[in-house]
Amino acid sequence: MKLQIRLLGSMELRVDDQVVTPGAAKRQAVLAGLAMEANQSVSLQRLADMVWADIPPASAVANLRSHAAGLRRELGDRLVARPNAYQLRLSPHELDVTEFHRLAGEGRALLATADPAGAVTTLTAALAHWRGASGDGLPRGTVLDSRWASLDEQRLQVFEELAEARLAAGEHGQLLPQLRVHLAAHPLRERAWGQLMLALYRCGDVPAALTVYRDARAILDEELGIEPGEELANLHRAMLDRASELAYTPPAVPVTTTTLPVAPPPAPPGDAPTPAPWPGGSVGWTVPRELPADLVTFVGRARETAEVVTALGGTAPATVVVTGAFGSGKTALAVRAAHTVANAFPDGQVFVDLGHQRSVSPGEVLARVLRALGVAPADVPENTDERAGWFRSMVAGRRLLLVVDGVTRAAQVRPLLPAGPGPALLVVGQTRLSSLDGVRRVTLRPLGAAEARNLLGTLAGPQRLLADATATAELVRLCAGSVLALRIAGMRLAARPGRSVEALIGQLADGREQLDLLDYEDLSVRASLAAVVAAVRAEDEVAGQLLVLLGAAPDAPLQPDRAARQLGVSASRLRRALDDLVDAHLVHRDEPGRYRLPGLVREYAAELTAARPVAAHPLTGWRVDPLAA
């Protein structure tokens, strides 16, 4: 019998790879207590203390024997009856608590022997066993509480040991969001405060590192009435002195090439066409490291980033789709998450940007990926199905991370969906790509006001915003939660230190200039919207016409039946177009039958409307493009 018991989160029992429900909470507590003391006899009295929070009832022994009988139906001879006791026989790998302790110990040893890369991999694997608070859902107030509290504390320690290893491996930039999330939940962890300070310092953001020390000092004083410990204080002084020992010198990363043996494809049956020749019986595997640089000024999105990281961090085949409105920071979040989990994918990371081009075919995407993995361009098969087959053969069992940005159609990435354990796929798309099956979807909402101010402050300086709080609030409103718009506004302010926030507001409030001002070097709200709208129009012509129609009267309530007549389509066809616009985050559905254009989309839709002469419809007064009607 093959068993797997998981206690690092809600209890889970697997028997021969099938999930089994042990029974009610008290029966689960019996199993948890026996598992925590596996291969030892546990007396009925001790079991009772593990199950009941108060004094056990008179029927406690009878109830425990009943629970044991129920468990034995699932566990068979693994559950052994002893005189006034029970014993659960388990191998070490069959309990996640044991595996966590083993991996944590190995990771600490690797860290102590100056092998940070090995420590990162091993400690990451240790934390991967956690799915929530230990013993979640089991009775509380029992003697097991101390065991759960001890495990939760060990989890925090291992997280900080992993942070130590990642700092030693030079991953200070990728570590920042996770340390912030950790400290938000556990603000009294001095070691983590020091790690956040050092990560910021090594990213070149010394003011932020010193601000973190002030935050830590204030929290420790407010919560505990104490000053920071000697280690944290010494780190602060070293930063003030710009001590050379705090700097990090990245090691040289050699380009590694391995050979992946591959069996030749089977001979085609009958008169089927002969496939393209297999290159040499083996394929050169170049370990790709294609992830773009991570943003140092990444603000907010801690929950969404954690969702993506968690989904990619498991051992099962993983596909995550990150979606959201234009300019919501989807790509930045995907890159941040990819850097965070990169060490868990030692066979490489491939990054492909489709640029929201619907014309890019699945075959072109596959060819791009095969070339990144070391297949010579001349050896890439002509047939898309053969490319997909080669890809699946090459990546089977490999810990490879694929990140595909700017996806407009599910078909573009469908051949890349992991077929088995090993590889993972992270997709960034404007829409949900709903036809992709079995994927985790993470949707980015507009940034809240607090996070928007933080992003502006990171770029333009927090004191400058505090000096003009009213204008800052208006700037946040005009940017409508768009990360892209906020970045551009912050960069414009940073480029002109003498310019007030109110002056920028004066120009942005004039809709005729708003999209012109939200354009800075290679960043452009208008260009971003144009790419999204072009993709929607290519997919659904009626949706493109409807967007122009909405731009002509953005404040008028949409009446689908009238709009359908104006565009010369059926009501059901118009509703499909509306659904396409909602899925692309170009239109918001506030409630059934009520739709609106988000702030910056309104400006762009108005430009589309103004680009062609329109006439007022005699029945509604709406201005309608005669070419679209």
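Residues numbered from 1 in each chain as written. Predicted model: local features only at pLDDT ≥ 70, side-chain atom pairs only at ≥ 80, totals over all residues. Heavy atoms only, no water.

J.: Which residues make up a nonpolar patch on the surface, and what values go with them?
T.: Judged by side-chain polarity, L188, L224 and I226 come together as a nonpolar surface patch covering roughly 240 Å² of accessible area. Looking at the secondary structure, you find L188 in the loop between helix 7 (172–185) and helix 8 (190–202). Here L188 falls in the partly exposed class, since its relative accessible area comes to 38%. (Patch = residues over 30% accessible without salt bridge, like charges linked within 9 Å, V, L, I, M, F, W, Y side chains within 5 Å. Areas by Shrake-Rupley, 256 points an atom, 1.4 Å probe, with all protein chains shown as cover. Salt bridge = Lys/Arg side-chain N within 4 Å of Asp/Glu carboxyl O. Helix = DSSP H or I, 4+ residues; strand = E, 2+ residues; numbered from the N terminus. Buried < 20%, exposed > 50% of the residue type's maximum accessible area, 1.4 Å probe, protein only.)

J.: Give me unusual backbone geometry: which residues, what numbers.
T.: Positioned with a positive phi, D16 is a non-glycine residue whose angle comes to about 50 degrees. Relative to the helices and strands, D16 resides in the loop between strand 2 (12–15) and strand 3 (18–20). On the basis of relative accessibility, which here comes to 44%, the residue D16 falls in the partly exposed class. The phi dihedral of L433 is positive, around 50 degrees, even though this residue is not glycine. By secondary structure assignment, the location of L433 is in the loop between strand 12 (424–429) and strand 13 (440–444).

J.: An account of the confidence of the model for the chain is requested, with residue identities and associated values reported.
T.: Per-chain confidence: the chain averages 83 in pLDDT, with 89% of residues scoring 70 or above. For residues 251–284, every residue scores under 50 in pLDDT, and the model assigns this stretch 43 contacts once sequence neighbours within four places are set aside. Note that residues 613–629 has pLDDT below 50 and, in this model, 36 contacts with residues that lie over four places away or in other chains. (pLDDT = per-residue confidence, 0-100. Contact = heavy atoms within 4.5 Å.)

J.: Could you give an account of the layout of surface pockets, with specific residues and numbers?
T.: Of the pockets and cavities examined, the largest pocket occupies roughly 1800 Å³. In this structure, the largest pocket is lined by 50 residues; those nearest its centre are T124, L127, A128, W130 and T310. For the lining of the largest pocket, the element with the most residues is helix 11 (residues 302–313), which contributes 7 residues. Residue composition of the lining of the largest pocket, by class: 22 nonpolar, 18 polar and 10 charged. One number sums up the size of the second largest pocket: a volume of about 1200 Å³. (1 Å grid on protein atoms, 1.4 Å probe; cavity = no way out; pocket = protein on both sides within 12 Å on 5 of 7 lines; lining within 4 Å. Points joined across faces, edges and corners; volume = space filled by probe spheres on them. Nonpolar A, V, L, I, M, F, W, Y, C, P; charged D, E, K, R; others polar.)

J.: Explain the packing of aromatic side chains to me, and be specific about the residues and the numbers.
T.: The geometry of an aromatic ring pair is captured by two quantities: the separation of the ring centres and the angle between the planes. For the structure shown, the criterion picks out 1 aromatic pair. On the numbers, 5.5 Å between centres and 85 degrees between planes, the contact of F100 with W130 is edge-to-face. One end of the pair, F100, is in helix 4 (residues 96–112); the other, W130, is in the loop between helix 5 (116–127) and helix 6 (145–168), and 30 residues separate them in sequence. Of the two residues examined, F100 and W130, each falls in the buried class. Taking the ring centre of F345 as reference, the NZ or CZ of R399 above it sits at 4.2 Å. (Phe/Tyr/Trp six-rings, centres within 6.5 Å; stacked < 30°, edge-to-face > 60°. Lys NZ or Arg CZ within 6 Å of the ring centre and 35° of its normal.)

J.: So, the nonpolar core: which residues are in play, and what are the values?
T.: Judged by nonpolar contacts, the single largest core of 78 residues is most densely connected at I5 and L7. Setting aside its immediate chain neighbours within four residues, I5 contacts E12, L13, L31, A35, L88, L90, E94, L95 and D96. By size, the runner-up hydrophobic cluster in this structure holds 60 residues, among which are A471, A489, L549 and L597. (Core = buried A, V, L, I, M, F, W, Y, C linked by side-chain atoms within 4.5 Å.)

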